[in-house]
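Summary of the model geometry
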Amino acid sequence: MIFARAIKSFQAGDFEQAAEICRKIIEGRPDHPEALYLLGLINAQAHHYDTAVEYISKSLQTKPDFADAYNNLGIIHNMQGKLDEAIQDFQKAVEFKPELTHALYNLGCAYQAKGSLDAALSCYRKVISKEPNHAGTLYCIGIIMQMKGLPDKASAYFDRAVALYPNFTDAHFALGSIFQAKGKIDEAISHYYKAIESNPYHAEAHNNLGVIFQGQEQLGKAITNLKRAVELNPQFAQAYNNLGNTYKDIGEWDSAVESYSKAVEIKPDYVLAYYNLGNILGYQGKDDEAIESFDRAIGYKPDFVIARWAKCIAHLPIIYADEQSINISRESYTAELIKLRNTIPLETPQDVEAAADAVGSHQPFLLACQGLNNRDLQKLYGDLVCTIMSKRYPQFAEHRYSHAYAEPLRIGIVSAYFHYHSIWKIPLRGWVENLNKERFHLFGYHTGKIKDSATDSARRHCRKFIEDVASFEELCRIIQNDHLHILIYPEVGMDPMTLRLASLRLAPVQCASLGHPDTTGLPTIDYYLSSELMEPPDGDEHYTEQLIRLPNLGFAYTTPTVPYQEVSRESFGLRKTSILYLCSHALFTYLPQYDDVFPRIAKQVGDCQFLFIAHQDEKSPVTVQFQKRLNAAFHRFKMSDKPYVVFLPSLSPALYHAVNIICDIFLDSIGWSANNSTFEAIACNLPVITMPGSLMRQRHCAGILTMMGVTDTIASSPDEYVDMAVRLGKDAAWRRQISQKIAAQKHRLYNDKTCIHSLENFLEKAIKEKA
């Protein structure tokens, strides 16, 4: 009767009263099993687990077949992390009381926690045989099916669980995870929302929704859910990492850095967050910090190949402080590339897969900004890339088909830029729209996501146009099965998928072109299609491929349709009286050894302004570093750069065209000559000054002016470049004369069929020689 009072107090939550009654019972009868057992439960409620174990163990000494006591002792041992003891306890409970299904369920849970999935499954199935509608057990069986890689069976069990218990949060979350993994996004979203509806504090569901919305480019929804996830669980490192990814996608670099930093603060060995942080720091031009972050990732995971690859490429900064830093960067990049080649493991299939996943993730695009011949370095890089990819995809590493020459030839073109982009304008559009469709059947492979009217044009002109293929292997099979004669890559070095495809042998003849104006270094690329007017006499020495100098510019530039937007100088805060020099090429194309040309021009012209386009924005580290360089250059001439240097934000095509119209002179960048930007300046009859160098990418502008027959402003030295810029700035009549000459001659640049006919002849000759 007195023990019944203890039970009643315990059930009412009055644990002190219940304990007091039990202690009185034990004073009179020290071996009272139920009182000892209840004291154990009371101590467990207070988290005094050792004391709880002591009381329940004493209870079992006096009542060895006390199944409930064994079950609860197992629960306590499980909470202490003592799985082996817990399993023994649950086994005893089931042995003495087989109908105790919750003990059998607990035994299954313990086996599952220990990783003994088959033993756990056996227990769960016994529970289901006794209680077919035990939702918790159905859920656990689903989890095991999921762990065994049987998502369809897992879904069936989860479905049964939520049918029995519609607010079963964990089952809804598990279903969401399965649907997300299978790419059934709408179903995944539905179940995540149901999980949140039944448990508004489910941080994992919010995190997964954030990841889904980020993938759908619904970045506002992604940020809302990911921020909610970290609010609910401030220690949720993965959610902070995902939040950083989303901030990166919307260009909020500082917020991304903050999120990644929080992730590694919570989880100091979070290698993926260190890697992502390194990428963002690199985008911001914080090269030393980026390398340090990659080193952290590699320190925790030495076989993290993609981080090692990123660290290597990070030695090529976006902007250089001075000429000496170019040499230092080149030396360190070379050393890292050799180290990567010599140490990257390729012994096991897992090694090869990890290395192949790294290919294309980071490319040495910025190597071309150093103004030097990159043939040897690119060969080193290209050999490494092709070695890895041929080991990973041997079925695509050698071309299996012999092609007898027969018209029409099947010409494939791979590009991520079948849309309004400089690569579409140069050289892609002219080739796609003008190649003879009776002699050549074009096969377009669009590896990018952006689509517009240019994409529509490409579809119309291609016999077959492939797009939206996410699987790399599937795209390889598609290209291989199209039995192409020749495969052309308008650029290699910008798009990851393009590089990966180009490193294999998917056609008997493969070509790269001047979309990215540097050798690929890939032994799988046979020819480099370039421009007779842009290549220097010794250009063959700059390529691992056989150089093909197509006549004139090498591409047919379509007569531009000029967008119109009326603006004034005041719209950009520019002075009405200044001579405006447009310097709109990317900041990383300006070599530091030529910074002095700007103060030298300003010193002689007087009232003038140089208009640059900011990298990301005016406050970005890259823009700031470039601004410091110009400040130092003006300081060397005892001048301030403030009255002369203007940084414009990124501009729409219409606004950029408007800026060309209000400017007086276009100054070509020395080190990497503008190509498309030169065409856009000429479309507005803007006088153009250039100084060609020893490499093709330093001779774009000179080639265009030569094609047009307006060579008056092609300088042969920095001094002559400055003199021409000064004369154009001060001599309005000469400026007007050059502008009128451009207006009269620019038609020569457009829709050039000579290079198209030459390309057609080359394609036929190349496949004949191969056959």
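Here, residues in each chain are numbered from 1, in the same order as that chain's written sequence. Local features are withheld for residues below a pLDDT of 70 in this predicted model, meaning they are given only at 70 or higher, and side-chain atom pairs are given and counted only at 80 or more; totals for whole chains, interfaces and linings count all residues. Computation of side-chain values covers all heavy atoms of the structure but excludes hydrogens and water.

1. Things to note about the overall build of the protein chain
- In DSSP terms, a helix is any run of H or I states spanning at least four residues, a strand is any run of E spanning at least two, and both are numbered starting from the N terminus. A tally of regular secondary structure across the protein chain gives 34 helices and 12 strands.
- With the radius of gyration taken over C-alpha atoms, the globule rule is written as 2.2 Å times the number of residues to the power 0.38. Compactness check: the protein chain gives a C-alpha radius of gyration of 35 Å against a globular reference of 28 Å for 771 residues, more than 25% above the reference.
- Reported as C-alpha extents along the three principal axes, the dimensions of the protein chain are approximately 120 × 70 × 50 Å.
- Partly exposed residues are those whose accessible area sits between 20% and 50% of the maximum for their type, while under 20% is buried and over 50% is exposed, using a 1.4 Å probe and protein chains only. Considering the protein chain as a whole, with its 771 residues, one finds that 57% of them fall into the buried category.
- Contacts between residues were defined by any pair of non-hydrogen atoms, one from each residue, lying within 4.5 Å. Pairs at least 24 apart in sequence give 63% of the contacts found in the protein chain among residues at least 6 apart.
- Accessible areas in this description were obtained via Shrake-Rupley with a 1.4 Å probe; residue shielding takes into account the shown protein chains only. Counting only carbon and sulfur atoms, one obtains 49% of the accessible surface of the protein chain, whose full area is about 32,600 Å².
- Just so you know, the count uses Lys and Arg for positive and Asp and Glu for negative, and it drops His and the chain ends. To locate a charge, the coordinates of NZ of Lys, CZ of Arg, CG of Asp or CD of Glu are taken. In the protein chain, 78 side chains carry a positive charge and 89 a negative one; their mean positions are 2 Å apart.

2. Side note on the nonpolar core
- By convention a nonpolar core is built from buried Ala, Val, Leu, Ile, Met, Phe, Trp, Tyr and Cys residues, the set being connected through side-chain atoms within 4.5 Å. Counting residues in hydrophobic clusters, the biggest one holds 167 residues, and the most contacted among them are Trp309, Tyr581, Phe610, Phe612 and Leu667.
- Ranked by residues supplied to this core, first place goes to helix 22 (residues 375-392) with eight residues.
- The residues touching Phe612, leaving out its near neighbours within four places in the chain, are Cys583, Leu587, Tyr590, Phe598, Phe626, Leu630, Val645, Val646, Phe647 and Leu648.
- Membership of the second largest hydrophobic core comes to 76 residues, among which are Ile21, Val53, Ile87 and Ala110.

3. A word on unusual backbone geometry
- Of note, the bond from Ile426 into Pro427 is cis; its omega dihedral lies within 30 degrees of zero at 5 degrees.
- Along the chain, Pro427 falls in helix 23 (residues 422-434).
- The backbone of Asn751 sits at a positive phi, close to 55 degrees, despite the residue not being glycine.
- You can see Asn751 is positioned in the loop between helix 33 (732-745) and helix 34 (753-770).
- Overall, Asn751 belongs to the partly exposed group, its relative accessible area being 33%.

4. Details of the packing of aromatic side chains
- Two rings belonging to Phe, Tyr or Trp (six-membered ring only in the last case) form a pair when the distance between their centres is within 6.5 Å. Interplanar angles under 30 degrees mark stacking, angles over 60 mark edge-to-face geometry, and anything in between is tilted. Under the defined criterion, the tally for this structure stands at 27 aromatic pairs.
- Geometrically, the ring pair formed by Tyr581 and Phe610 is stacked, given 5.3 Å between the ring centres and 20 degrees between the ring planes. Placement of the pair is Tyr581 in strand 8 (residues 579-583) and Phe610 in strand 9 (residues 608-613), with a sequence separation of 29 residues. Residue Tyr581 shares its accessibility class with Phe610, and that shared class is buried.

5. Looking at the pattern of salt bridges
- For salt bridges, the criterion is a side-chain nitrogen of Lys or Arg within 4 Å of an Asp or Glu carboxyl oxygen. Counted by the stated rule, this structure contains 39 salt bridges.
- Here Lys451 ties to Glu467 by a salt bridge, and the two come within 3.0 Å at their closest N and O atoms. Of this pair, Lys451 sits in the loop between strand 2 (440-446) and helix 24 (453-461) while Glu467 sits in the loop between strand 3 (464-466) and helix 25 (472-481), and the two are 16 residues apart along the sequence.
- Here Arg569 and Asp664 are joined by a salt bridge, their closest N and O atoms 3.0 Å apart.

6. Comments concerning the environment of Thr623
- You can see Thr623 is positioned in helix 28 (residues 621-636).
- Between the alpha carbons of Thr623 and Arg439 there is a distance of 49 Å; along the sequence they are 184 residues apart.
- Apart from the residues lying within four places of it in its own chain, the contact partners of Thr623 are Leu587, Ala614, His615, Asp617, Glu618 and Phe647.
- Think of a polar contact as two N or O atoms within 3.5 Å of one another; within protein, one of them needs to be a possible hydrogen donor and the other a possible acceptor, and neighboring residues in sequence only count if both atoms come from side chains. Here Ser620 takes part through its side chain, which lies 2.9 Å from a polar atom of the side chain of Thr623.

7. Some thoughts on the sheet that holds strand 10 (residues 645-648)
- The pairing criterion for strands is at least two bridges between them, as found by DSSP. Overall, parallel pairing links the five strands, which are arranged 10-9-8-11-12 in an open sheet. Looking at the sheet topology across the chains shown, the edges are occupied by strand 10 and strand 12 (688-689).
- For strand 8 and strand 9, the ladder comprises five bridges, and the chain directions are parallel. In the sheet register, Cys583 faces strand 9, and the bridge partner there is Phe612.

8. Examining a negative patch on the surface
- Only residues whose relative accessible area exceeds 30% and that form no salt bridge enter a patch; like-charged residues are grouped when within 9 Å of one another, and nonpolar side chains (Val, Leu, Ile, Met, Phe, Trp, Tyr) when within 5 Å. A grouping of Asp254, Glu258, Asp617 and Glu618 is seen on the molecular surface, where their side chains present a negatively charged patch.
- Of note, Asp254 is situated in helix 16 (residues 253-266).

9. Quick word on the environment of Asn242
- By the element assignment, Asn242 lies in helix 15 (residues 237-249).
- The buried category is assigned to Asn242, whose relative accessible area is 9%.
- Between the C-alpha atom of Asn242 and that of Ala273, which follows or precedes it by 31 residues, the distance is 8.9 Å.
- If sequence neighbours within four positions are ignored, Asn242 has contacts with Asn207, Val211 and Leu226.

10. Focus on the packing of helix 6 (residues 83-96) against helix 7 (residues 101-114)
- With axes taken as lines fitted to C-alpha atoms, and helix axes fitted only over the stretch in contact, angles between N-to-C directions fall between 0 and 180 degrees. Where helix 6 meets helix 7, the closest approach of the two axes is 9 Å, and the angle between their N-to-C directions is 155 degrees. As judged from the angle between their axes, helix 6 and helix 7 are roughly antiparallel. Seen along the crossing, helix 6 lies across helix 7 with a hand that is left-handed. Listed contacts from helix 7 to Leu83, Asp84, Ile87, Phe90, Gln91, Ala93 and Val94 of helix 6 are Ala103, Leu104, Asn106, Leu107, Ala110, Tyr111, Ala113 and Lys114. The labels follow the angle: roughly parallel below 35 degrees, roughly antiparallel above 145, roughly perpendicular from 65 to 115, and oblique for the rest. Note on convention: the crossing is left-handed when the near helix lies turned anticlockwise from the far helix by less than a right angle, right-handed when the turn is clockwise.

11. A word on the sheet that holds strand 6 (residues 527-531)
- One open sheet accounts for seven strands, arranged 3-2-1-4-5-6-7; its pairing is parallel. Two strands in the sheet have a free side with no partner beyond their single neighbour: strand 3 and strand 7 (546-550). For this sheet, the mean inter-axis angle between neighbouring strands, taken without regard to orientation, is 25 degrees.
- When strand 6 meets strand 7, the two strands line up parallel, connected through five bridges. Note on strand 7: the bridge partner recorded for Leu529 is Ile548.
- This element, helix 34, spans strand 1 (409-415), strand 2, strand 4 (486-489), strand 5 (509-513), strand 6 and strand 7 of the sheet and lies at about 165 degrees to strand 6.

12. Quick word on the packing of helix 5 (residues 67-79) against helix 7
- It is at 10 Å that the axes of helix 5 and helix 7 come closest, and there the two elements cross at 30 degrees. Between helix 5 and helix 7, the crossing angle belongs to the class labelled roughly parallel. For the element pair helix 5 and helix 7, the recorded crossing hand is left-handed. Residue-level inspection shows Asp68, Asn71 and Ile75 of helix 5 in contact with helix 7, the latter providing His102, Ala103 and Asn106.
- A breakdown of the residues in the contact of helix 5 with helix 7 according to their chemical character gives two nonpolar, three polar and one charged. Throughout, the ten residues Ala, Val, Leu, Ile, Met, Phe, Trp, Tyr, Cys and Pro are labelled nonpolar, Asp, Glu, Lys and Arg are labelled charged, and all others, Gly among them, are labelled polar.

13. Description of the side chain of Arg500
- Along the chain, Arg500 falls in helix 26 (residues 496-502).
- Here Arg500 is buried and forms no salt bridge, its nearest opposite-charge partner Asp357 lying at an N-O distance of 4.9 Å.
- A distance of 3.5 Å separates a polar atom in the side chain of Arg500 from the backbone oxygen of Val359.
- Arg500 has contacts with Ala356, Asp357, Val359, Met389, Tyr393 and Phe472, leaving out every residue within four places of it along the chain.

14. Quick word on the side chain of Ser415
- In this fold, Ser415 is placed in strand 1.
- The exposure class of Ser415 is buried, given its relative accessible area of 0%.
- Apart from the residues lying within four places of it in its own chain, the contact partners of Ser415 are Ile423, Leu428, Tyr445, His446, Thr447, Gly448, Pro490 and Thr498.

15. Details of the pairing of strand 2
- For strand 2, a buried count of seven out of seven residues is recorded, marking the element as mostly surrounded by other parts of the structure.
- Here strand 2 shows a buried face lined by Phe440, Leu442, Gly444 and His446 and a second buried face lined by His441, Phe443 and Tyr445.
- Here strand 1 pairs with strand 2 via seven bridges, running parallel. Note that in strand 2 the partner of Ser415 across the bridge is His446.

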